[in-house]
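One-letter residues, chain by chain:
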Amino acid sequence: MQKIILYTIVIVFSLLTKVVAQEKSFEQQAKEIATNIEIITFEEKNALKKEVEAIDFQVKEGKITPERAQELKTKIAQERANNIDTKVAIEEAKLAQLVQDKVNGKIAFSSTDKKDENLKKKTISILDVSMNNDSIYKNYKREYRTTSQVVIATGVNNLVTNGAVANSDFGYLRSVFWEWGITLNTRLLQNSNLLHLKYGLGFQYNFLYATENRVFEDTGSETVLVTYPVNVKDNFTYFKNVYFVLPLHLEFDFSKTEEKDGKKIFKSHQGFRFGLGGFAGVNTNSKQFIRYELDGKKINEKTKADFNVNDFTYGLSAYVGHKSTSLYVKYDLNPMFKNNNIDQNNVSLGIRFDFN
């Protein structure tokens, strides 16, 4: 979301730059951008200085320990560095657009511009000095403890009946599941990459293909499998449940910690990792699809109903793997149907991808 907002701001500023370019020379606009950079860095560093002084005063008064003070200083230094990154990125985009407009002839050369052909280089050097003249920003720039991933998972799906999945009423390879969503991954320890909290939102699609020419039927009191009066197409006759879920996992990440310029760099999803947790969600829809041939005609039936499927779902899940790929298993703790005499719980096993 932060990137989307940043790109939107950049586009707006680019459009404004084109309009202003009609009235101001290249040199004037470049100097304005350089001045904005200096103001940004000065204001952020000045704010940081005041915050550090306030923390030191709390230590002097005995309100916090020196160790807690160092943690707070590290946090606010990182926040101020991130603020500079975001704000300066906007100014850099304006500069890049300004140079491109001049190359394309959209901004006329003034006499001042012609005297200074190295204006672009001088302006960029100002940006470099503004961003690198304070070591505290060099140490904490671009260290993000929370990252985001796109998650996609797929595999086989079935029902556990009477505590077992053997002799199932559903095809083992034909019955499948799909899952996709977005997760946030937060490193829990300040100086260790081991523990992460992974949370987000997504959708689960559970498909069940019954065997022996059977389909689900809601009898009013429960939902059971019954034999269909005509021969159905096995590969096109199935029952589907869709859930909106909120997953939560404690992830153990053994990715190697790097060190650059005396600063530790923590990267996730670069080595062996595993996660333990669960999920909770709501059923968004249940549908049954039936396909068969009758009198030479191909018939497709689709029924959307509740089928006595539980409105809510919750369960356990785990994964283990290397880098972005892992083996994934999930199990619903509540039965799929509300009132059936026999509890049947959904279970899935497959492969999962977490793309940074």
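Computed from a prediction, not measured in an experiment: that's the story for all the values here. (Residues numbered from 1 in each chain as written. Predicted model: local features only at pLDDT ≥ 70, side-chain atom pairs only at ≥ 80, totals over all residues. Heavy atoms only, no water.)

Attention shifts here to the overall build of the protein chain. Helix and strand counts for the protein chain come out as six helices and 13 strands. Expressed as a percentage of its 356 residues, the buried residues of the protein chain come to 41%. Sequence separation of 24 or more characterises 72% of the internal contacts of the protein chain that already satisfy a separation of 6 or more. (Helix = DSSP H or I, 4+ residues; strand = E, 2+ residues; numbered from the N terminus. Buried < 20%, exposed > 50% of the residue type's maximum accessible area, 1.4 Å probe, protein only. Contact = heavy atoms within 4.5 Å.)

What follows concerns unusual backbone geometry. Non-glycine residue Glu212 carries a positive phi angle of around 60°. If you trace the backbone, Glu212 turns up in the loop between strand S3 (195-208) and strand S4 (214-218). A relative accessible area of 64% means that Glu212 is categorised as exposed. Unusually for a residue other than glycine, Phe307 sits at a positive phi of about 50°. Looking at where Phe307 falls in the secondary structure, it is placed in the loop between strand S10 (297-304) and strand S11 (312-322).

Turning our eyes to something else, we now look at the pattern of salt bridges. Note on pairing: side chains with opposite charge can pair once their charged atoms come close. Tallied over the full model, the rule gives 13 salt bridges. In this structure, Arg214 engages Asp169 in a salt bridge whose closest nitrogen and oxygen atoms are separated by 3.4 Å. Note that Arg214 is positioned in strand S4 and Asp169 in the loop between strand S1 (146-161) and strand S2 (176-187), a separation of 45 residues in sequence. Where Arg352 meets Asp354, a salt bridge forms, and the shortest distance between an N and an O atom there is 3.0 Å. Assessed through its relative accessible area of 2%, Arg352 is described here as buried. (Salt bridge = Lys/Arg side-chain N within 4 Å of Asp/Glu carboxyl O.)

On to the environment of Asn300, then. With respect to the element layout, Asn300 can be found in strand S10. On the basis of relative accessibility, which here comes to 53%, the residue Asn300 falls in the exposed class. Taking the C-alpha atoms as reference, Asn300 lies 9.9 Å from Val232; in sequence the two are 68 residues apart. Aside from chain neighbours lying at most four places away, what touches Asn300 is Ile290 and Arg291.

Note that His249 resides in strand S6 (residues 238-253). For the pair formed by His249 and Asn185, sequence separation is 64 residues and the distance between their alpha carbons is 9.4 Å. Polar contacts involving the side chain of His249 include one to the side chain of Ser317, which spans 2.6 Å. (Polar contact = N/O pair within 3.5 Å; in protein donor to acceptor, adjacent residues only side chain to side chain.)

For the coordinates displayed, the defined rule picks out 17 aromatic pairs. Three or more aromatic residues joined by ring pairs form one cluster here, namely Phe170, Phe216, Phe239, Phe307 and Phe337. Sitting above the plane of the Phe236 ring, Arg291 keeps its charged end 4.0 Å from the centroid. Between the NZ or CZ atom of Lys330 and the centre of the ring of Phe177, over which it lies, the distance is 5.0 Å. (Phe/Tyr/Trp six-rings, centres within 6.5 Å; stacked < 30°, edge-to-face > 60°. Lys NZ or Arg CZ within 6 Å of the ring centre and 35° of its normal.)

Another aspect to go through is the side chain of Ser255. Within the fold, Ser255 resides in the loop between S6 and strand S7 (258-260). Since its relative accessible area comes to 6%, Ser255 is described here as buried. Side-chain polar atoms of Ser255 contact the backbone nitrogen of His269, separated by 3.5 Å. Leave out the neighbours within four places in its chain, and Ser255 touches Asn193, Lys267, Ser268, His269, Gln270, Gly271 and Phe272.

So, about the pairing of strand S12 (residues 325-332). Residues Ser326, Tyr328, Lys330 and Asp332 line the buried face of S12, whereas the alternating positions Thr325, Leu327, Val329 and Tyr331 sit on a face that is not buried. Of the pairings in the sheet, the one linking S11 to S12 comprises eight bridges and is antiparallel in character. Bridging from a neighbouring strand, Leu316 pairs with Tyr331 of S12. Joining the antiparallel neighbours S11 and S12 is a turn of two residues, in which Lys323 adopts a positive phi near 55°. (Pairing = 2+ DSSP bridges.)

Here the focus is the pairing of S6. Strand direction decides the pairing type here: S3 and S6, joined by twelve bridges, are antiparallel. Looking at the pairing, Tyr205 lines up with Val242 of S6. Sheet topology places S6 next to strand S9 (residues 272-294); 16 bridges connect them, and they run antiparallel. Across the sheet, the residue bridging to His249 is Gly277, located in S9.

For the rest of this paragraph, the subject is the confidence of the model for the protein chain. Across the protein chain, pLDDT averages 83, with 80% of residues at or above 70. Low pLDDT, under 50, characterises residues 111-117; the stretch is placed with eight contacts to residues that sit more than four places away or in other chains. Within the model, the stretch residues 129-142 combines pLDDT values under 50 with 35 contacts to residues more than four positions away or in other chains. (pLDDT = per-residue confidence, 0-100.)

This brings us to the environment of Lys323. Within the fold, Lys323 resides in the loop between S11 and S12. In sequence terms Lys323 and Phe254 are 69 residues apart; their C-alpha atoms lie 9.7 Å from each other. Excluding its chain neighbours within four sequence positions, the residues that come into contact with Lys323 are His269, Gln270, Gly271 and Arg273.

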